[in-house]
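Inside the fold
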Amino acid sequence: ASHYVLLEMYLVESGATTTAVIDTLLAAAERGVRIYIIFDGVGSRQLNHADRGRLQHPHIELAYYHPVRPSTIRNWLVRDHRKLLLVDGHVGFSGGMGFSDGIDTGTEQPSPWHDTVVQFKGSVVNDWQMMFAAHWQDITHIKLHLDAQPAHAGGNGHVRLVASQPARLNPIYGHLRQRAGLASRCLWIATAYFLPSWRLRRAIRAAAARGVDVRLLLPGTITDHPAVRYASQRFYAGLLDAGARIYEYQPTFQHAKVTLVDDWVSIGSSNFDRWSMARNLEVNLEVEQPDFSADVAAMFDSDFANSVEITLDNWAQRPLLQRWKERAWGVLESWLDK
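Worth saying up front: this structure is predicted, and the values here are computed from it rather than measured. (Residues numbered from 1 in each chain as written. Predicted model: local features only at pLDDT ≥ 70, side-chain atom pairs only at ≥ 80, totals over all residues. Heavy atoms only, no water.)

Comments concerning the nonpolar core
By size, the foremost hydrophobic cluster in this structure holds 39 residues, and its most contacted members are Trp128 and Phe300. Of all hydrophobic cores here, the second largest spans 32 residues; its members include Ala207, Ala208, Leu218 and Tyr236. (Core = buried A, V, L, I, M, F, W, Y, C linked by side-chain atoms within 4.5 Å. Buried < 20%, exposed > 50% of the residue type's maximum accessible area, 1.4 Å probe, protein only.)

Given below as structure tokens:
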């Protein structure tokens, strides 16, 4: 970075990983780089006072989205779940990442979380900057002035930003349902938390009924929210019966958020659960480019090979306790959603 850095993050916990991030930000600030940071008030609650103090620098400005206070209780359930890093208006990064030693071990050992991040360049970076600047002004009531940078030449295809706001129609899911309705070859979805709306389930079942190769890549027994996994499993039978294929990832916690529909890809922060659909700030990058979709398909194939496929026959033989957990957590999830 030589001019400015824009950073927006949900999960930020003190530890070796976050120390390395702060060290890098401070080094950039010492070079005169302007740094603007938005942390979610709940996701950053494990960021200790010492680390917050280190970020007090003349070239660093830090804002918190919906900090947890008794006077703001109505906002506690509305979170900034976006994860993005934009540098000098030239390059951006987004995906399911977080700053936590539980995600990045800082060693040669594999991460306990399986995730995906996309790097992007070109004129679309300016769109992400505009989104960040508008969000910054909403939080701080200060207008952020950033220069639009010349666009880099891109590949053949279309790339765009899609963002969602709480209590509004969610374009991320609207685009997915639309694409699912047009799918002719494949509809592959990877998500950490699968609690889809009935409209999305209907779109998935309809695609499978048309003969589209429908596959879901979901967490196995390694997950940070076992209750959510049980609640999501109550949908398995209906989807399998419609012809969808379901894979549970085995080596680590499957946290990637990626959708592939023919040559269209959506990667970003958004899970396929009702919380992300209605209550969180989310952002995805949509890419329609054959070479990129081929790379994503190869990534999916590798992940499927490291997963256990759930078939309708073996799912019908699951034990009674499993069925009880699905029902119990499913009822609770539906009640919380209402």
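Here's the deal with the pattern of salt bridges
Evaluation of the coordinates by the stated rule reveals 11 salt bridges. Two residues, Asp40 and Arg79, come together in a salt bridge whose shortest N-O distance is 3.1 Å. Of this pair, Asp40 sits in strand E2 (residues 34-40) while Arg79 sits in the loop between strand E3 (60-65) and strand E4 (84-87), placing them 39 residues apart in sequence. Its relative accessible area of 0% is what places Asp40 among the buried residues. A residue is classified by how much of its surface remains accessible, and Arg79, at 6% relative accessible area, is buried. Between Glu333 and Arg234 there is a salt bridge, with the nearest N and O atoms lying 2.9 Å from each other. Pair noted here: Glu333 is in helix H11 (residues 320-337) and Arg234 is in the loop between helix H6 (226-233) and helix H7 (236-242), with a separation of 99 residues, a long-range link. (Salt bridge = Lys/Arg side-chain N within 4 Å of Asp/Glu carboxyl O. Helix = DSSP H or I, 4+ residues; strand = E, 2+ residues; numbered from the N terminus.)

Re helix H1 (residues 16-30)
Compared with an ideal rise of 1.5 Å per residue, which puts 15 residues at 21 Å, H1 spans 21 Å between its outermost C-alpha atoms and is within 8% of the ideal. On its buried face, H1 is in contact with strand E1 (4-9), E2, helix H2 (49-54) and E3. Where H1 terminates, the next one or two residues include Gly32, which has phi positive at roughly 95°. (Expected span 1.5 Å × (residues − 1). Contact = heavy atoms within 4.5 Å.)

Details of the sheet that holds strand E12 (residues 245-249)
As summarised here, the arrangement of the 8 strands in space is E8-E17-E15-E14-E9-E11-E12-E18, forming an open sheet in which the pairing is mixed. Because the sheet does not close on itself, it has two edges, and the strands there are strand E8 (158-164) and strand E18 (307-310). Going from strand to strand, the sheet's axes swing by 15° on average, the running direction of each strand aside. Strand direction decides the pairing type here: strand E11 (residues 213-219) and E12, joined by 5 bridges, are parallel. Residue pairing in the sheet places Pro219 in a bridge with Tyr249 of E12. (Pairing = 2+ DSSP bridges. Axes fitted to C-alpha atoms, helices over the stretch in contact; angles between N-to-C directions.)

Re the sheet that holds E2
A sheet is described by the order of its strands in space; here 6 strands give the open sequence E3-E2-E1-E4-E5-E7, paired in mixed fashion. Each edge of the open sheet carries a strand with a single partner, namely E3 and strand E7 (117-121). Within this sheet the neighbouring strands show an average axis-to-axis angle of 10°, counted without direction. Taken together, the 5 bridges between strand E5 (residues 91-95) and E7 define a ladder with antiparallel strand orientation. Of the residues in E7, the one forming a bridge with Gly95 is Val117. Of the strands in this sheet, E1, E2, E3, E4, E5 and E7 touch helix H3 (residues 124-140), which is tilted by about 70° from E3.

Some thoughts on a nonpolar patch on the surface
There is a patch of nonpolar side chains on the surface, built from Val68, Trp76, Leu77, Trp275, Trp329, Leu332, Trp335 and Leu336 and spanning about 800 Å² of accessible area. At 4 residues, H11 tops the list of elements feeding residues into the nonpolar patch. Looking at the element boundaries, Trp335 is found in helix H11. (Patch = residues over 30% accessible without salt bridge, like charges linked within 9 Å, V, L, I, M, F, W, Y side chains within 5 Å. Areas by Shrake-Rupley, 256 points an atom, 1.4 Å probe, with all protein chains shown as cover.)

Structural notes on the packing of H6 against H11
Between two packed helices, the angle of one axis relative to the other and the distance separating the axes together describe the packing. Following both chains from N to C, one finds H6 and H11 inclined at 100°, their axes separated by 7 Å at the closest point. Judged by the inter-axis angle, H6 sits roughly perpendicular to H11. Contacts between H6 and H11 pair Ala227, Tyr230, Ala231 and Gln233 from the former with Gln322, Lys325, Glu326, Trp329, Gly330 and Glu333 from the latter. A per-class count over the contact of H6 with H11 returns 4 nonpolar, 3 polar and 3 charged. (Parallel < 35°, antiparallel > 145°, perpendicular 65-115°, else oblique. Nonpolar A, V, L, I, M, F, W, Y, C, P; charged D, E, K, R; others polar.)

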